[in-house]
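Each chain is listed here by its residues.
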Amino acid sequence: MKVSSRLSRISLGLLNAVLIAVLLAGFLPAPEASAKTVAQWLEGFQTGKDWFGEDFAYDINDTEAVWELLMKPITVLDVGETESVYPVTEPGGKKKVNNDKLGGFINGASAAVHVLGEDENGWTLIEGIDYYNRIIRGYVKTKLLKTVTPNQHYGVVVDKLTQRLYVFIDGKFFSSCAVSTGLPNDEQPYNETSAGEYLTISWSGGFDSEGMYCDMAIRFNNGDKIHEVPCTILADGTKRYTKWEAQLGQKASHGCIRVARLPNDEGLDQEWLWDNLKRMTKVLIWDDAGRKMPYPDDDTLLYYNPNGGKYYHSTPECSSVKKKYYPLTAFKYSELETGLYARLDPCPSCTPVKRKSVIDLENLNRGAITQEEYDALIAGYAAQANGTADTATATAAPEATATDDVEITIIPAEDADN
Ligand SMILES: [Zn+2]
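Residues numbered from 1 in each chain as written. Predicted model: local features only at pLDDT ≥ 70, side-chain atom pairs only at ≥ 80, totals over all residues.

## A look at the overall build of the chain
Helices and strands together make up the secondary structure of the chain, namely seven helices and 24 strands. Considering only contacts in the chain between residues 6 or more positions apart, those separated by 24 or more positions represent 69%. (Helix = DSSP H or I, 4+ residues; strand = E, 2+ residues; numbered from the N terminus. Contact = placed C-beta atoms within 7 Å.)

Shown next, in the form of structure tokens:
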């Protein structure tokens, strides 16, 4: 959302005009090479992983601690919900601490800042988090600082490690569901959903974003919103969610938090949030950097269709498989890297737990394990797969032959956003 709302809609027309002018002039500039990696954009800054302090537990099961944090007042910058403030290097100064594209500013009205100093001639030293997930420390006008008590009945936690959104009501955990937070890349390092503390500031509603429709959006950090997983709307009005729904549980957006549209057992989905959450509910966003994702329990049951299924599923009655194959055949997570199970892909519809090798790669990428540790783990799986290949038939592993089971239509990727 932040890109489409801030850049594409506003400046694409202009950009096109410039490109056309350039083409007419008969030359094209060389494509701008990416000068920096995401890691380099963050160099020299503390980031969202430092916001809650070094010893923060990130324990979603510690309801008491989570609730206390959710209810605590926060300080925000008292400007409009779509306005931003650039901290400057000295009281009364004009020099911005940082002025990267879409960087260096703190969004108004809903994003928490930490007050670090006393008033100095009308200016106060603060820190806040910018769209790059970087802590920006500098001076803002003291009169902009406003302390807000969040809604005292509801609270929301979004954990970037588990890619889930957790709802708390009146001091108790209510339910959780899968989300997709922002996926940064070297060209758009600001796509990361910044960690920190925010308030649900307005119910801004559905919006189009480059061919996708995102319904029931709730603004929490200027251009970043909590909204339903995107869909395309076909000519006859049918909504297709397949592609983006399959990404739930992993980073995928340009900064927004995409929420499941199918209600879980407690009825939680984006529509529930839209109908039930109150304005000024606190949203804690927990960073994933340096945190190690544990493996699922070895006894976790997974399912497959022995009649040529290509996928492993989280449920014996996955809606992507024809009903005549119900119930699907169960096996254990501990068997997933062995025999022909090793060839199954995760079902894009029911989003089962990830393979150990996939979790390992993610842990490597977020700096939770070293390259050496990663290499050793992967070598171990290769040995495990080879060692069990001969016995695959004996252990009744699936035969990957026919392809009769899945009715999923994958809609081709688009250059779309949010
Ligand atoms: Zn499935």
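What follows continues from the structure just given.
## Focus: helix α6 (residues 356-365)
Listing the buried residues of α6 in full gives Lys356, Asp360 and Asn363. Buried positions in α6, seen along its axis, are confined to an arc of 65° and lie on one side of it. (Buried ≥ 20, exposed ≤ 12 C-beta atoms within 10 Å, placed from the backbone. Arc of directions from axis to C-beta.)

## Focus on the environment of leucine 284
Relative to the assigned elements, leucine 284 resides in strand β20 (residues 282-286). Here leucine 284 is in contact with Leu69, Leu70, Val157 and Glu197, once residues within four sequence places are set aside.

## Things to note about the sheet that holds strand β6 (residues 135-141)
Taken in spatial order, the three strands line up as β4-β5-β6 in an open sheet, and their pairing is antiparallel. Sheet topology places β4 (114-115) and β6 at the edges, where each strand pairs with a single neighbour. Here β4 pairs with strand β5 (residues 123-129) via two bridges, running antiparallel. Looking at β5, one finds that valine 115 is bridged to isoleucine 126. (Pairing = 2+ DSSP bridges.)

## Notes on the sheet that holds strand β19 (residues 257-259)
For sheets, the rule is that strands pair by backbone hydrogen bonds, running either parallel or antiparallel. Spatially, β11-β20-β8-β9-β10-β19-β16-β15-β12 is the arrangement adopted by the nine strands of the open sheet, whose pairing is mixed. Two strands bound the open sheet, and with one partner strand each, they are β11 (196-199) and β12 (202-203). Where strand β9 (residues 164-169) meets strand β10 (residues 172-180), six bridges bridge the pair, whose relative direction is antiparallel. Across the sheet, residue leucine 165 finds its bridge partner in β10, namely cysteine 177.

## Section: the environment of alanine 289
Among the structural elements, alanine 289 can be located in the loop between β20 and β21 (301-304). When the C-alpha positions of alanine 289 and leucine 161 are compared, they lie 8.1 Å apart, and in sequence the two are 128 residues distant. Not counting the four nearest positions on each side in its chain, alanine 289 is found in contact with Thr47, Lys49, Arg366 and Gly367.

## Here's the deal with the nonpolar core
With 60 residues, the main nonpolar core has Val158, Leu165 and Val259 as its most contacted residues. Each residue touching valine 158, except ones within four places of it in the same chain, is listed here: Leu165, Val179, Thr181, Ile257, Val283 and Ile285. Within the second largest apolar cluster, 14 residues are counted, among which are Leu302, Tyr312, Phe331 and Leu344. (Core = buried A, V, L, I, M, F, W, Y, C linked by C-beta atoms within 7 Å.)

## Looking at the confidence of the model for the chain
Averaged over all residues, the pLDDT of the chain is 86; the fraction at 70 or higher stands at 84%. Confidence over residues 4-29 falls short of pLDDT 50; this stretch has 13 contacts with residues more than four positions distant or in other chains. The low-confidence segment residues 389-418 (pLDDT under 50) makes 71 contacts with residues lying over four places distant or belonging to another chain. (pLDDT = per-residue confidence, 0-100.)

## Some thoughts on unusual backbone geometry
Look at the link from tyrosine 326 to proline 327: it is a cis peptide, with omega at -15°. Its place among the elements puts proline 327 in the loop between β22 (311-312) and β23 (329-332). Non-glycine residue tyrosine 58 carries a positive phi angle of around 50°. At glutamate 210, a position not held by glycine, the phi torsion is positive, near 45°.

## Re the pairing of strand β16 (residues 224-228)
Within β16, five of the five residues are buried, which leaves the element mostly enclosed by the surrounding structure. Taken together, the three bridges between strand β15 (residues 218-221) and β16 define a ladder with antiparallel strand orientation. Bridging from a neighbouring strand, arginine 219 pairs with lysine 225 of β16. The hairpin turn running from β15 into β16, its antiparallel successor, is two residues long, and asparagine 222 in that turn takes a positive phi close to 60°. The pairing of β16 with β19 spans three bridges and is classified as parallel. Directly across from isoleucine 226, in β19, lies its bridge partner isoleucine 257.

## Re the environment of threonine 147
Tracing the backbone shows threonine 147 in strand β7 (residues 145-148). The class for threonine 147 is exposed, based on 10 C-beta atoms found within 10 Å. With 70 residues separating them along the chain, threonine 147 and leucine 77 place their C-alpha atoms 8.7 Å apart. Residues contacting threonine 147, with those up to four places away along its chain left out, are Pro73 and Thr75.

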